[in-house]
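Okay, here's what each chain looks like letter by letter:
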Amino acid sequence: MLPLAKLKRAVQEAVAYLRTVPDVIEAEVFVSSNANLLTRLSYTSNIPSNGVEEPKSLESDGIGLRVVFKGGSPLLVGFGSESGDVSLTAVREALDKARKGAVRDPEFVSLPRLGDRPRKSISNYHDRKLMHLTDRQLVELGWAVVDGTLDAFQSSEELLEWAKSPDAIPDLGLILTGDVIVLQERIALGGTHHDHVLTDESALITSMSTSMVEQQFTKGTGWQVGARLDEFQGTSGAEAARNAIRAAGGSRVPDGEYRVVLGPQPVTDLINNLLLPSVQLGTFQAWASPFEGKLGKRIASPLLSVYDHGALRGHAASKGITDEGLPTGRTDLIRNGRLVGLLSNWYETQRILKDPDAKEKLGVDPAKRRKAIAPQNGFRTGLGGGRHFDRDPGVTPTNVIIDGSETVPSEELLRRVGNGLYIGRIWYTYPINGITQADFTCTVIGDSYIIRDGRIAEPLRPNTVRINDNLRRVLNGILGIGDTRKPTIVWSADEMVHAPEIAVEALHINEIGEFLETGS
Amino acid sequence: MADRVSIDVIDRIRPTVAQVAQGYAKRLAGMQHCDIRVEASEGVGAYAENGTPKGSGEERGFSFGVRVLAEQGGAVAPGYYGKSLGAADVDNIGKTLREGVRHAYDRARASAAHKATSRGRFGRLGESLYDSALASVDVHVDTINAVYEQDPRQLSLEKIMGQLIDVSKAVGGTSSKVRYNGTGATSLLIRDLFCSSNGSNIDHTYAQTEAIVFVMVNGDTGPLELYDFNGHHRGWEIMERGYDHQYVVAPDLMSFATDLAQQAVATANAPPLPTSDGDVTVVTDPHYNTLLVHEIVGHPSELDRAMKMEAGYAGRSWLLNSINDTQIGKQIASPLVNAVSDATIEGYGNFPYDHEGTPARRVWHIRGGIFEEFLNSRQTAEILGVAPNGGYRANDAAMVPLVRMTNTFFLPGESAPEDLVKDVEHGYYVKGHRIPSIAESRENFRISANQVYEINHGELGQLYRDGAIQADSKDYFTHVDGVGTDFKMYPIPNCGKGQPMQAKRMGNGGPTMRSMAKVVGP
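Residues numbered from 1 in each chain as written. Chains lettered and ligands numbered in written order. Predicted model: local features only at pLDDT ≥ 70, side-chain atom pairs only at ≥ 80, totals over all residues. Heavy atoms only, no water.

## What about the overall build of chain A?
Logical step 1: When helices and strands are counted, chain A shows 13 helices and 25 strands.
Logical step 2: In summary, chain A has a C-alpha radius of gyration of 25 Å against a globular reference of 24 Å for 520 residues, a match within 12%.
Logical step 3: The principal-axis extents of the C-alpha atoms in chain A amount to approximately 80 × 55 × 40 Å.
Logical step 4: The 520 residues of chain A split such that 69% are buried.
Logical step 5: Pairs at least 24 apart in sequence give 75% of the contacts found in chain A among residues at least 6 apart. (Helix = DSSP H or I, 4+ residues; strand = E, 2+ residues; numbered from the N terminus. Rg over C-alpha atoms; globule rule 2.2 N^0.38 Å. Buried < 20%, exposed > 50% of the residue type's maximum accessible area, 1.4 Å probe, protein only. Contact = heavy atoms within 4.5 Å.)

Shown next, in the form of structure tokens:
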């Protein structure tokens, strides 16, 4: 990775040069250097496998410019970037690309205004050890998870009982897949309309594991999210293995409506695939949110509050500034069941303020709710994370915190459900009829149980039910919110959701996949 | 230093890449295999929204990726490295590639050493930690050129931006019910170079032109969003006048976009589909079967997934329990069902070699209802003891390839498509694919459709919105009782798999087909 000092110097030189270019009214310079270090894990006891399957990395650095050119109204604005170089040569190339591609976007207002005294929400928050990971350390992080899983398998009395002899344990079809990911991000940002060069360094480590005992039709999940290398324990695989073993021997349930407790992963999956896309300002702009016209109005149970907070020290998805140079911070999305805020970047916030249909789209005049649409989430994510120079800022959530006006222990959630299901992991959760309708479907693939008389009874057999329901119904049917939150990630998501268990009045369930057991 | 990266950079660096793979890498102690992929691309892209321009620009890419298999401590393991490059890297490409090889090699050796230790430590459980190996393929030295009329490098940004604005305006003008629309397009030339330590040296250039159209409509029965993709391995000419080649469907962009808008307006005025009590007769059109074959035949036929390597991400496959317990040779569908992956024919999944130098060929997944063959890579083929069949592909040279579909489709049958509807006393005609949700081993699916029509006495009747088919995969295939002659193939540009997720392009398709399934509404 390029050192931060080099990125900062590159921005200074670029800004100085751009101020001399006659047709440039205004320009923003974004320089970044990213590395995504990743070990994919794959172990199968009865199929040859590598354990650590892919120790790999993806690195990139370069410069990106957003430029407003002279040329009348609407303003002529363009974006250009250059990879692998942050010198003045790269600046000239990027500027040329921005000039060639510039368009007159009637909804463009200005580049971000950082104010007289731009500030970072947090500083020096990243872990230097994560920033200097060696190839050997990367490999060993992966093997720590694999070895931990094999330890859990080897010491399991249940596996021995099922297999009858130690030599036959591999025949049970033991599986571990998952990863350890380290993201290393450095950025520097400046502009011709101010004299500041803002810099930021961020790093995080995550591990996600799935384990199975195939002959027992059982699957378990484990994960860990952190901001510091020293806190990484490599235990996600062992946790997944123990959860898989614990959930063996499950039962099927018939079609019907069930009261449920949703665990942290299903809560996160619903948040990631349905709620967060629905509470982005751009979605309202396109008339595509299921909550059109509902800003300030009730959309969920009064028990529920949700906020995004990009400036929580020690939280994995925190950043000092956005990729537009603006301070990160807290955006309340749902407070006691009311929709009170939307995720946004500078462009979206500025254009909704000019939009003649804004009041119909939002339900309120955005000029009177500026705090609700503050541009605190303008990031340039992609390729599994990172802060990339080669794209315009989009809108990305950070740390998403699920809160409750009244939170209760897990035992109380089970008591409120009485008879129903504990859903611990769902799969392929998609808005099956589009975001606007909020209908969703998914299957239940593990970590799940039948609840009887307010207690966990036997496991629910994985891959035997499909959920068909609607996000609005789930949000309004909340029976209780747990008092313990777990930082949770789902595949290909950028945000970290700090998710509690949530009890819900009803989910519609269909039984599936019987032919795999009956053979016909 | 080069001012700007172009695809011509491959000509300049090809000897150096080959030298690093076949010289430098082979001299490293314990090196078993090394391959280097380099990709350069150039072209243009633009996006319009509600008839106004939103952005345009030149698109350029330059990157490389390395795979190494190396021995240490008595075990063999893989290591990888990937990096985005720029013009400034061209003069130092040899050094940059050697550094990449060195990182991959160090990772492979460190992993191999630990693998050897874990084998000893975990007894029987450690025995499956094998010495990584690749099934052999012949050495190929080849150069393949792209086919196009309008060179993506010569395209004017003003021209495509103007056309996109016209299309977006036309979509908006379809009906007052259209509240929002967006149209984006890119046209690129992409050049892949593959050099391996065993001497393969393959230079493949292809054109890729595609568009996405998104329409948001407020109908009588509520808001409805539809989107779809158009594209082919040709130049911008396909967006201006379409491409009509037998089964390949690539209309001109204006027709494509306005047809989608009209479909959205009609559907947004329709009532929601009532959910059926049980299975009913369903006739599915070629566009719907494009996603069906993708999700329910293509994905479970990927051997890395079947070998559990994707269990934590994209899932497993019900077609393989273990190496000795598979569905190969077993009847999994009606004898009328035939499905293949074939990268050798025209389509969005066409290529001459995959990303490890294996020549493309037709892979029969289902023949006469019997499952025959998985798509594989050299690594997974070696484990299963079969020949590599050319399915190992990545989104970008810096990314690690995965087993991917090519042109994966249902083969046509012998029924006239209209007869498949005429014979139905009561059922549903399911038109156009929308959004899928698939069970973990692809054993069950719910896939929504753009439109669902009720069939009464062999005639199409009431149109419904927000409808889907839900079924167990084997049940659905077993009940297929009619396959049409009207085979079509469409582009799928966004198939997610891997970690980090790679959204891959491929061709999928099929004819009209008839089976039994539950239809599901909101």
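## Focus: the overall build of chain B
Logical step 1: From N to C terminus, chain B includes 11 helices and 26 strands.
Logical step 2: For chain B, the C-alpha radius of gyration of 24 Å lies close to 24 Å, the compact-globule estimate for 522 residues.
Logical step 3: Principal-axis analysis of the C-alpha atoms gives chain B an extent of 75 × 60 × 35 Å.
Logical step 4: In chain B, which comprises 522 residues, the proportion classed as buried is 69%.
Logical step 5: Intrachain contacts of chain B at a sequence separation of at least 6 include 75% that bridge at least 24 residues.
Logical step 6: With an accessible surface of roughly 16,100 Å², chain B has 46% of that area assigned to carbon and sulfur atoms.
Logical step 7: Considering chain B, the positive charge centre built from 50 side chains and the negative charge centre built from 63 side chains are found 7 Å apart. (Areas by Shrake-Rupley, 256 points an atom, 1.4 Å probe, with all protein chains shown as cover. Lys, Arg positive; Asp, Glu negative; His and termini not counted. Charge placed at Lys NZ, Arg CZ, Asp CG, Glu CD.)

## Some words on the sheet that holds strand E14 (residues 399-404) of chain A
Residues and elements named next belong to chain A.
Logical step 1: On the basis of which strands lie adjacent, the open sheet formed by 6 strands has the order E11-E10-E9-E14-E24-E23 and mixed pairing. A strand with exactly one partner marks an edge of an open sheet, and here the two such strands are strand E11 (338-339) and strand E23 (486-488).
Logical step 2: Examined bridge by bridge, strand E10 (residues 330-335) and E11 share 2 bridges and lie antiparallel to one another. When the sheet's bridge partners are listed, Ile 334 is paired in E11 with Leu 339.
Logical step 3: Seen against the sheet, helix H7 (residues 264-278) touches strand E9 (304-309), E10, E14, E23 and strand E24 (496-499) and runs at an angle of roughly 130 degrees to E24. (Pairing = 2+ DSSP bridges. Axes fitted to C-alpha atoms, helices over the stretch in contact; angles between N-to-C directions.)

## Here we look at the interface of chain A and chain B
Logical step 1: Between chain A and chain B, the residue contacts involve 105 residues of the former and 100 residues of the latter.
Logical step 2: Summed over both sides, the interface between chain A and chain B buries roughly 8,600 Å², with carbon and sulfur atoms accounting for 52% of that surface.
Logical step 3: When the buried surface of chain A facing chain B is broken down by residue, Arg40(A), Trp491(A) and Phe515(A) rank first, second and third, together holding 9% of it.
Logical step 4: Counting across the interface, chain A meets chain B through 14 salt bridges.
Logical step 5: Close ionic contact of Lys54(B) with Asp105(A) constitutes a salt bridge, the shortest N to O distance being 2.7 Å.
Logical step 6: The tally of links from chain A across to chain B stands at 57 residue pairs in polar contact (both at pLDDT 80 or more).
Logical step 7: For the side of chain A that touches chain B, the residue count by class is 40 nonpolar, 32 polar and 33 charged. (Buried area = accessible area lost by both parts, 1.4 Å probe. Salt bridge = Lys/Arg side-chain N within 4 Å of Asp/Glu carboxyl O. Polar contact = N/O pair within 3.5 Å; in protein donor to acceptor, adjacent residues only side chain to side chain. Nonpolar A, V, L, I, M, F, W, Y, C, P; charged D, E, K, R; others polar.)

## Here we look at the environment of Gly420(A)
Residue and element names in this part refer to chain A.
Logical step 1: Turning to its location among the elements, Gly 420 is positioned in strand E16 (residues 420-423).
Logical step 2: Considered as a pair, Gly 420 and Ile 25 are 395 residues apart in the sequence and their alpha carbons are 63 Å apart.
Logical step 3: Once residues within four sequence positions are removed from consideration, Gly 420 is found in contact with Arg 259, Tyr 449, Ile 450 and Ile 451.

## Quick word on the nonpolar core
Logical step 1: Formed by 56 residues in total, the largest nonpolar core has its most connected members in Leu275(A), Phe291(A), Leu304(A), Leu342(A) and Ile402(A).
Logical step 2: Sort the elements by how many residues they give to this core and H7(A) lands first, with 6 residues.
Logical step 3: Non-local contacts of Leu342(A), meaning those with residues more than four positions away in its chain, are made with Val279(A), Leu281(A), Phe284(A), Leu295(A), Thr331(A), Leu333(A), Leu362(A), Ala372(A) and Ile373(A).
Logical step 4: Within the second largest apolar cluster, 48 residues are counted, among which are Leu319(B), Ile438(B), Ile447(B) and Ala471(B). (Core = buried A, V, L, I, M, F, W, Y, C linked by side-chain atoms within 4.5 Å.)

## Thoughts on the pattern of salt bridges
Logical step 1: As enumerated under the stated definition, the model contains 78 salt bridges over all chains in all.
Logical step 2: Across the pair Arg416(A) and Glu406(A) runs a salt bridge, and its minimum N-O distance is 3.2 Å. With Arg416(A) in helix H11 (residues 410-417) and Glu406(A) in the loop between E14 and strand E15 (407-408), the pair connects residues that are 10 residues apart, well separated along the chain.
Logical step 3: Exposure remark for Glu406(A): the relative accessible area of 35% places this residue in the partly exposed category.
Logical step 4: A salt bridge links Lys95(B) to Glu99(B); the nearest nitrogen and oxygen atoms lie 3.0 Å apart. Of the two residues, Lys95(B) and Glu99(B) both sit in helix H2 (residues 93-121), 4 residues apart, roughly one turn of that helix.

## Structural notes on the pairing of strand E19 (residues 449-452) of chain A
For a regular strand, side chains alternate in direction, first toward one face of the sheet and then toward the other.
All names here are of chain A.
Logical step 1: In this sheet, E19 lies alongside E16 in antiparallel orientation, the contact comprising 3 bridges. Bridge pairing in E19 places Gly 420 opposite Ile 451.
Logical step 2: As defined by bridge partners, E19 adjoins strand E20 (residues 455-459) across 3 bridges and the pair is classed as antiparallel. Counterpart to Ile 451 in the pairing with E20 is Ile 456.
Logical step 3: If you look at the hairpin formed by E19 and E20, you'll find 2 residues sitting between the two strands, and Asp 453 has a positive phi there, around 50 degrees.

## Things to note about the domain arrangement of chain B
Residues and elements named next belong to chain B.
Logical step 1: Taken domain by domain, chain B consists of domain 1 (9-42 + 62-142), domain 2 (152-196 + 207-264) and domain 3 (280-520).
Logical step 2: Distance from the C-alpha centre of domain 1 to the C-alpha centre of domain 2: 39 Å.
Logical step 3: With 17 residues of domain 1 in contact, the opposing surface of domain 2 contributes 12 residues.
Logical step 4: A combined buried area of about 1,200 Å² lies between domain 1 and domain 2, and 55% of that area is made up of carbon and sulfur atoms.
Logical step 5: Arg 191 is the partner of Asp 11 in a salt bridge, and the nearest nitrogen-oxygen pair spans 2.5 Å.
Logical step 6: Linking domain 1 to domain 2 there are 6 residue pairs in polar contact (both at pLDDT 80 or more).
Logical step 7: Secondary structure elements with two or more residues in the side of domain 1 that touches domain 2: helix H1 (9-24) and strand E1 (31-49).
Logical step 8: The greatest single-element share of the side of domain 1 that touches domain 2, amounting to 10 residues, is contributed by E1. (Domains from an automatic or database assignment.)

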